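Single-letter residue listing:
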Amino acid sequence: MNVLMSITDTYVYPWYISISSFALKHDERINLVVQHDKSLSVKNRDFMKDLMRPFQIDLNFLEMDSDILADLPFAKLWHPIVWYKIFAPDHDVFEGKPFLHLDSDMLTIASIKLDFDNFLNSGKALGAVVEPRLHREFETRFQPREKSGWYFNAGLLFINQQKWLENGIGLRIREVLSKYTELRLDSLDQDVLNLVFMGDQFRLNKFLNSHNELLFSKNLKNGKILHFIWKLKPWLFSKEDKRILCLLGVSKYGPAFHKYFNMETACLAKQDKVLSDELESIRLELQLSPKYLWENLTREFFGIKRRLGFFNIDFRKY
Ligand SMILES: [Mn+2]
């Protein structure tokens, strides 16, 4: 299984949760490539290698050159890491073999078997999960072709690199990035991909990318991979974030969310001191088995209170 992820220094911690939970729930050996630039230090790269030792993961790094954005003024307004995943297939990442792209804000909560066969047989360059929340909005904003149609979330993607190159997707991405000057602030790369594909993508099982916003719907019961979309990331919660969440009207998720996540967990990605203390504790725990790591650390990272459980998901089983 070939997996691609992109991160910066501030995402080492959630990245670890994402890939370790994925590895523990997926029994094939993982060939992992992490895309990064200068925003991921050598020290952290070494640390990530240490973290991966207990797992069936071969970790390699692909340092991206931010010059790929040089002729795209709009793209340069955001951190280059936003765009790296959409330019990845233009690099020889996995010797032309199909691969999975995984965001670093995803938690694999049930056993998964990722079957690429149907996707490859479809002849499509991209496989993704529908994003119903934004679909209607996308239609009005970008007026895609009549017949086409469904907006996808770009957190988990199947990529057929050969088809991607054959169809000149990289060039079309550049065209879109030159044409549009204003995209949704929180869905930049996702909007670009949707504009390029316009519905011409393979539809993956929705449970492979269950949004945390659906935490309280039936979907999560069958969810396999939970995606902490937008700002609803437990490791980013600070008092200010909570205030913003309320202002933006997503507070309806608040009370139930509070019940399962400890909202007082320090903002780990933002507070270096806390982050380094936590990382040090992981180092110590590394002497223990992956099962132990999952059993103890993952739960704690997400602030899930043991006594409360997590709907029908029994963390003790993992
Ligand atoms: Mn994400």
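Residues numbered from 1 in each chain as written. Predicted model: local features only at pLDDT ≥ 70, side-chain atom pairs only at ≥ 80, totals over all residues.

### Focus: the sheet that holds strand β10 (residues 225-227)
Logical step 1: An order of β5-β10-β9 is seen for the three strands of this open sheet, with the pairing classed as mixed. A single partner strand is all that each edge strand has here, and the edge strands are β5 (106-108) and β9 (210-211).
Logical step 2: Bridging between β5 and β10 involves three bridges; their strand directions are antiparallel. Bridging from a neighbouring strand, Met106 pairs with His227 of β10. (Pairing = 2+ DSSP bridges. Helix = DSSP H or I, 4+ residues; strand = E, 2+ residues; numbered from the N terminus.)

### As for the sheet that holds strand β8 (residues 202-203)
Logical step 1: Taken together, the seven strands give an open sheet; going across it, the order is β3-β2-β1-β4-β7-β6-β8, and neighbouring strands pair in mixed fashion. Looking along the sheet, the strands with just one partner apiece sit at the ends: β3 (57-63) and β8.
Logical step 2: As defined by bridge partners, strand β1 (residues 2-6) adjoins strand β2 (residues 30-36) across five bridges and the pair is classed as parallel. Bridge pairing links Asn2 to Asn31 in β2.

### Re the nonpolar core
Logical step 1: Membership of the largest hydrophobic core comes to 63 residues, with the highest contact counts inside it found for Met5, Trp15, Val192 and Val196.
Logical step 2: Among the elements that line this core, the one with the most residues is helix α1 (residues 12-25), at eight residues. (Core = buried A, V, L, I, M, F, W, Y, C linked by C-beta atoms within 7 Å. Buried ≥ 20, exposed ≤ 12 C-beta atoms within 10 Å, placed from the backbone.)

### Points about the pairing of strand β7 (residues 152-159)
Logical step 1: Most of β7 sits inside the fold, with eight of its eight residues counted as buried.
Logical step 2: Of the pairings in the sheet, the one linking strand β4 (residues 99-102) to β7 comprises four bridges and is antiparallel in character. The residue bridging Leu100 from the neighbouring strand is Phe158, located in β7.
Logical step 3: Bridging between strand β6 (residues 126-130) and β7 involves four bridges; their strand directions are antiparallel. Residue pairing for β7: Val130 is matched across the bridge by Phe152.

### A look at unusual backbone geometry
Logical step 1: Residue Glu95 is not a glycine yet carries a positive backbone phi of 50°.
Logical step 2: Within the fold, Glu95 resides in the loop between α3 (81-87) and β4.
Logical step 3: Taking the C-beta count within 10 Å as the criterion, Glu95 has 7 such neighbours and is therefore assigned exposed.
Logical step 4: Its identity is not glycine, yet Met198 carries a phi of approximately 45°, on the positive side.
Logical step 5: On the basis of neighbour count, Met198 is assigned to the partly exposed category, with 16 C-beta atoms found within 10 Å.

### Structural notes on the confidence of the model for the protein
Logical step 1: Taken as a whole, the protein shows an average pLDDT of 72; of its residues, 62% reach a score of 70 or greater.
Logical step 2: Of the regions scoring below 50 in pLDDT, residues 214-218 engages in four contacts with residues more than four places distant in sequence or in other chains.
Logical step 3: Between residues 240-276, whose pLDDT stays under 50, and residues either more than four places distant or in other chains, the model counts 45 contacts. (pLDDT = per-residue confidence, 0-100. Contact = placed C-beta atoms within 7 Å.)

### So, the packing of helix α7 (residues 169-179) against helix α8 (residues 188-197)
Logical step 1: Interhelical geometry of α7 versus α8 gives an angle of 115° and a closest axis separation of 9 Å. Between α7 and α8 lies a crossing whose hand is right-handed. On the side of α7, the interface is formed by Ile169, Arg172, Ile173, Val176 and Leu177, while α8 contributes Val192, Leu195 and Val196. (Axes fitted to C-alpha atoms, helices over the stretch in contact; angles between N-to-C directions. Left-handed = near helix turned anticlockwise from the far one by under 90°.)

### Describing α1
Logical step 1: With 14 residues, α1 extends 20 Å from end C-alpha to end C-alpha; this agrees with the ideal 20 Å at 1.5 Å per step.
Logical step 2: A large share of α1 lies buried, amounting to 12 of its 14 residues.
Logical step 3: Among the residues of α1, those classed as buried are Val12, Tyr13, Pro14, Trp15, Tyr16, Ile17, Ser18, Ile19, Ser20, Ser21, Phe22 and Ala23. (Expected span 1.5 Å × (residues − 1).)

### Description of α8
Logical step 1: Burial analysis of α8 places 10 of its 10 residues in the buried class, the great majority of the element.
Logical step 2: Listed as buried for α8 are Leu188, Asp189, Gln190, Asp191, Val192, Leu193, Asn194, Leu195, Val196 and Phe197.

### Points about the environment of Ala110
Logical step 1: Within the fold, Ala110 resides in the loop between β5 and α4 (117-122).
Logical step 2: A sequence separation of 86 residues divides Ala110 from Leu24, and the C-alpha atoms of the two residues are 9.4 Å apart.
Logical step 3: Those residues in contact with Ala110, other than ones at most four positions away along the chain, are Lys25 and Lys224.

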